[in-house]
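# Observations on the three-dimensional arrangement
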Amino acid sequence: MCFFKQYRVKQLTKKILKLKMARLDNAASAHAIQKEIKFYHKLYHLYQKLEGHKAFPFAREQSLMMLRFASQLDDAKAQYFLGQALLEEAKWRDQLEKNQVFSHVENKQLIQPLYDTARTILTKAAVRQSLAKRLLGTIYVFGFGVAANQDKGLALIMESIVEEKSWKKMPRILKSLGLDKPEFYTALLKQKDLSLEQG
């Protein structure tokens with residue numbers, strides 16, 4: 001099974017290299033760029049499956065690298081996944097810092113850049129990706145790496161729900177975001193009324 005995956009990695013890498021070289025020579029069509037993005041996503045998922053395998057000790061880093069390459073080609077889906085991964089790492093490192101046992105100056109130095117990069121990437125993705133807009137909203141609601149701004153965060157979350165027409169799923173969405181509290185639900189309903197008035 002691992003042999004087959006190694007073969008697939010090499011196969012996809014060759015296809016990407018060919019497409020990338022054509023793009024760098026300004027000879028790539030929009031279709032070819034989308035094809036390159038598709039291969040990055042395939043490699044991303046493949047590397048995810050290879051995490052923990054001794055033949056691929058840096059599978060996680062390679063999977064994130066695939067997302068970075070696809071993100072540079074303005075792929076909103078890759079930007080969402082990458083932003084989400086960086087945000088989770090920032091939150092994890094932040095939590096380590098708050099636990100004095102594992103506090104370390106090098107760890108502390110990584111936290112804010114991770115938050116900033118995640119926010120920048122999700123802001124780009126949010127233009128075309130409702131899930132990215134929703135995740136960006138949580139950054140402002142909870143103040144992850146920025147000053148908390150509940151109104152701005154909830155407005156982004158509401159916009160994502162409007163885009164998806166997911167009113168009936170609102171309780172489940174709020175729970176998945178850690179916002180399943182009466183005050184957040186009430187605030188979002190106010191945002192809904194505002195959006196209906198503006199619409």
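First things first, this report covers the structure right here in the doc. Since this is a predicted model, take the numbers as computed values, not measurements.

With that settled, the discussion passes to a nonpolar patch on the surface. Where nonpolar side chains cluster on the molecular surface, the patch consists of Leu 17, Met 21 and Leu 24 and spans about 300 Å² of accessible area. Looking at where Met 21 falls in the secondary structure, it is placed in helix H1 (residues 2-24).

Time to look at the packing of aromatic side chains. Per the stated rule, a full pass over the model turns up 7 aromatic pairs. Relative to Phe 81, the ring of Tyr 44 has its centre 5.8 Å away and its plane inclined at 25°; by these criteria the two rings are stacked. Note that Tyr 44 is positioned in helix H2 (residues 30-49) and Phe 81 in helix H4 (residues 76-98), a separation of 37 residues in sequence. Assessed through its relative accessible area of 7%, Tyr 44 is described here as buried. Ring geometry for Tyr 115 against Phe 144: centres 6.3 Å apart, planes inclined by 5°, an arrangement best described as stacked. Linking Tyr 115 in helix H5 (residues 105-125) with Phe 144 in the loop between helix H6 (130-142) and helix H7 (150-164), this pair joins segments that are 29 residues apart in sequence. Every member of this aromatic cluster is reached through a ring pair, and the members are Tyr 115, Phe 142, Phe 144 and Phe 184. The positively charged end of Lys 20 is found above the aromatic ring belonging to Phe 69, 4.8 Å away from the centroid.

Calculation notes
- Residues numbered from 1 in each chain as written.
- Predicted model: local features only at pLDDT ≥ 70, side-chain atom pairs only at ≥ 80, totals over all residues.
- Heavy atoms only, no water.
- Patch = residues over 30% accessible without salt bridge, like charges linked within 9 Å, V, L, I, M, F, W, Y side chains within 5 Å.
- Areas by Shrake-Rupley, 256 points an atom, 1.4 Å probe, with all protein chains shown as cover.
- Salt bridge = Lys/Arg side-chain N within 4 Å of Asp/Glu carboxyl O.
- Helix = DSSP H or I, 4+ residues; strand = E, 2+ residues; numbered from the N terminus.
- Phe/Tyr/Trp six-rings, centres within 6.5 Å; stacked < 30°, edge-to-face > 60°.
- Buried < 20%, exposed > 50% of the residue type's maximum accessible area, 1.4 Å probe, protein only.
- Lys NZ or Arg CZ within 6 Å of the ring centre and 35° of its normal.

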